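Given next are the chains, with one letter for each unit.
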Amino acid sequence: MCIRDRYQRRVRGSITTDEDGLLVFTDHHPDDLIFHTVVNSPFAQKVHMYLLYKQIPFTIKYVHPKRLVKYAVPMLQLKDGTFLSESSELGIWLEDNFPDTPSILPIHIRQQQIELEARLSKLLIGPIFQLSRPHVPSGSPWVKFTSMCTQIRNCWRMGWCMEGTIPGGVGILKYIWPLIMRKAAFAKVIVDDVYARTNGKSATQNMSDALDVFEAELRLAEDEFYNGNNQVEGVPPQRRDGDAESDVVLLSRSLSRPGMADLTAYATITTAHRLGINGADGYRSRPAVMWWVKKMDSIMAVSYTHLTLPTKRIV
């Protein structure tokens, strides 16, 4: 089943396009935020998770690739027509302007979560762009060839994902998406920055290193929680079972309330794999990360049920 079919099955209301060629769910309420996005952007997926977890009513508009010059996604459009952008800043704005919704930045760990979110976002998103922007990596001729084949295949996959969210499809753009990503200045900046920071390491190595950092943060959160430094929930007298999913401590130092860093990591770690990006499944071989993913799956499944649009995950 294609992504568009999944949306039509899961979203209440019909799907149309507006004058700018954007995907519109027509049961939009005039007071709702309008979320401008594309399905294959990890930055946009972060904001999508913030909106879903905070249970804020919103209308989603999927931007046609031809409009990406005009629309710097992700963007939030307010009722008065104001546009806000920058994914991490949008998370902070949502927290400050919707205080009566579930918090993603608890006051006592606010700055810690903002700094951790920024660090994990940079570490985790970089390798995704390495996997999905055609470029010549370092290494032997065979490594260069196989890496570029993977990158091109991933670009085609991203193009087909966009095809599934745009009424009428994206036409030839899905076939030339590797060329578009190759020419995209923002993608080149991200990939070049990753290579500069990691001394030319491959996407696989950088993703593994990023997951190492993520696992270390999970262990740190667990230590602080069970040593009595947790201020979000009552601290259990002892950890019950090291393999019990219910005992998984989130980055927010909570058993059930994710913070902004959790939502960013969840969107970044899992979405690329769920969209079919080859090489983005390294987290599945890490038991600690998989327990955390399952915990986040269960938490987000509850949040989805409280929303009118959309009611389920993208894929």
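Parameters and conventions
- Residues numbered from 1 in each chain as written.
- Predicted model: local features only at pLDDT ≥ 70, side-chain atom pairs only at ≥ 80, totals over all residues.
- Heavy atoms only, no water.
- Helix = DSSP H or I, 4+ residues; strand = E, 2+ residues; numbered from the N terminus.
- Buried < 20%, exposed > 50% of the residue type's maximum accessible area, 1.4 Å probe, protein only.
- Contact = heavy atoms within 4.5 Å.
- Areas by Shrake-Rupley, 256 points an atom, 1.4 Å probe, with all protein chains shown as cover.
- Phe/Tyr/Trp six-rings, centres within 6.5 Å; stacked < 30°, edge-to-face > 60°.
- Pairing = 2+ DSSP bridges.
- Axes fitted to C-alpha atoms, helices over the stretch in contact; angles between N-to-C directions.
- Right-handed = clockwise from strand over helix to strand, strands pointing away.
- Parallel < 35°, antiparallel > 145°, perpendicular 65-115°, else oblique.
- Left-handed = near helix turned anticlockwise from the far one by under 90°.
- Nonpolar A, V, L, I, M, F, W, Y, C, P; charged D, E, K, R; others polar.
- Patch = residues over 30% accessible without salt bridge, like charges linked within 9 Å, V, L, I, M, F, W, Y side chains within 5 Å.
- Salt bridge = Lys/Arg side-chain N within 4 Å of Asp/Glu carboxyl O.
- Core = buried A, V, L, I, M, F, W, Y, C linked by side-chain atoms within 4.5 Å.

Student: I'm lost on the overall build of the protein in this one. Help?
Tutor: What the protein contains, in helices and strands, is 10 helices and six strands. Within the protein, the proportion of its 315 residues that are buried is 51%. Taking the intrachain contacts of the protein between residues at least 6 apart in sequence as the baseline, contacts between residues at least 24 apart amount to 66%. Carbon together with sulfur atoms contributes 54% to the accessible area of the protein, which is approximately 14300 Å² in total.

Student: Help me out: how do you make sense of the packing of aromatic side chains in this one?
Tutor: Each aromatic ring pair is characterised by the separation of its centres together with the angle its planes make. In total, this model carries seven aromatic pairs according to the counting rule given. Ring centres of Tyr-266 and Trp-292 lie 6.3 Å apart, and the angle between their planes is 75°; on these two criteria the pair is classed as edge-to-face. Linking Tyr-266 in helix α9 (residues 260-274) with Trp-292 in helix α10 (residues 287-304), this pair joins segments that are 26 residues apart in sequence. Note on accessibility: Tyr-266 and Trp-292 belong to one class, buried.

Student: In this structure, what is going on with the sheet that holds strand β4 (residues 58-62)? I would like to understand it.
Tutor: With mixed pairing, the four strands of this open sheet are ordered in space as β4-β3-β5-β6. The strands lining the two open edges of the sheet, one partner per strand, are β4 and β6 (83-85). Averaged over all adjacent pairs, the angle separating strand axes in this sheet is 25°, with direction ignored. Bridge count for strand β3 (residues 33-37) against β4 is five bridges, and the pairing is parallel. Looking at the pairing, Ile-34 lines up with Thr-59 of β4.

Student: Just to check I follow, could you spell out the environment of Val-293 for this structure?
Tutor: Within the fold, Val-293 resides in helix α10. Residue Val-293 is classed as buried on the basis of its relative accessible area of 3%. Sequence separation between Val-293 and Tyr-283 is 10 residues, and the spatial gap between their C-alpha atoms is 9.1 Å. Those residues in contact with Val-293 that lie beyond four places of it in its chain are Tyr-266, Thr-270, Arg-274 and Tyr-283.

Student: Help me understand the pairing of β3, please; the structure alone is not making it clear to me.
Tutor: Successive residues of a regular strand alternate their side chains across the two faces of the sheet. Most of β3 is tucked away: five of the five residues are buried. The side-chain alternation of β3 yields two buried faces, one formed by Leu-33, Phe-35 and Thr-37 and the other by Ile-34 and His-36. Once you follow β3 into helix α2 (residues 42-54) and on to β4, the crossover reads as right-handed. Sheet topology places β3 next to strand β5 (residues 75-77); three bridges connect them, and they run antiparallel. Its bridge partner being in β5, His-36 is matched across the sheet by Met-75.

Student: Looking at this structure, how should I read the pairing of β4?
Tutor: Across the five residues that make up β4, a large majority, five, are buried. Of the two faces of β4, the one holding Phe-58, Ile-60 and Tyr-62 and the one holding Thr-59 and Lys-61 are both buried throughout.

Student: Would you mind going over the packing of α2 against α9 with me for this structure?
Tutor: Angle between the axes and distance between the axes are the two parameters that describe a pair of packed helices. At a minimum axis distance of 8 Å, the contact between α2 and α9 shows a crossing angle of 130°. Between α2 and α9, the angle is such that the two are oblique. As α2 runs across α9, the sense of the crossing is right-handed. Residue-level inspection shows Gln-45, Lys-46, Met-49, Tyr-50 and Tyr-53 of α2 in contact with α9, the latter providing Met-260, Leu-263, Thr-264, Tyr-266, Ala-267, Thr-268 and Thr-271. For the contact of α2 with α9, the per-class residue count stands at seven nonpolar, four polar and one charged.

Student: It is not clear to me how the environment of Met-49 should be interpreted in this structure. Could you clarify?
Tutor: Structurally, Met-49 can be placed in helix α2. Taking the C-alpha atoms as reference points, Met-49 and Ala-267, separated by 218 residues in sequence, lie 6.7 Å from one another.

Student: What is the right way to read a nonpolar patch on the surface from this model?
Tutor: Together, Trp-156, Trp-160, Ile-172, Tyr-175, Ile-176 and Leu-179 make up an exposed nonpolar region whose accessible area comes to about 640 Å². Structurally, Trp-156 can be placed in helix α5 (residues 141-163). Here Trp-156 falls in the partly exposed class, since its relative accessible area comes to 42%.

Student: What am I meant to see in the nonpolar core here?
Tutor: In globular proteins that are soluble, nonpolar side chains generally tend to be buried together. Counting 73 residues, the largest nonpolar core has Leu-51, Phe-214 and Trp-292 as its most contacted members. Not counting residues within four places of it along the chain, the set of residues in contact with Leu-51 comprises Leu-33, Phe-35, Ile-56, Phe-58, Leu-76 and Leu-94. Phe-225, Tyr-226, Val-249 and Leu-255 belong to the second largest nonpolar core, which has five residues in total.

Student: Would you mind showing me how to read the pattern of salt bridges here?
Tutor: A side chain with one charge may pair with a side chain of the opposite charge, provided their charged atoms come close. Applying the stated criterion across every chain, the model contains 12 salt bridges. Glu-117 serves as the salt-bridge partner of Lys-46, at 2.9 Å between the closest nitrogen and oxygen. In this pair, Lys-46 is assigned in helix α2 and Glu-117 in helix α4 (residues 110-132), connecting sequence segments 71 residues apart. Between Asp-212 and Arg-286 there is a salt bridge; the shortest N-O distance is 2.9 Å. With Asp-212 in helix α8 (residues 203-229) and Arg-286 in the loop between α9 and α10, this residue pair connects regions lying 74 residues apart in the sequence. A residue is classified by how much of its surface remains accessible, and Arg-286, at 13% relative accessible area, is buried.

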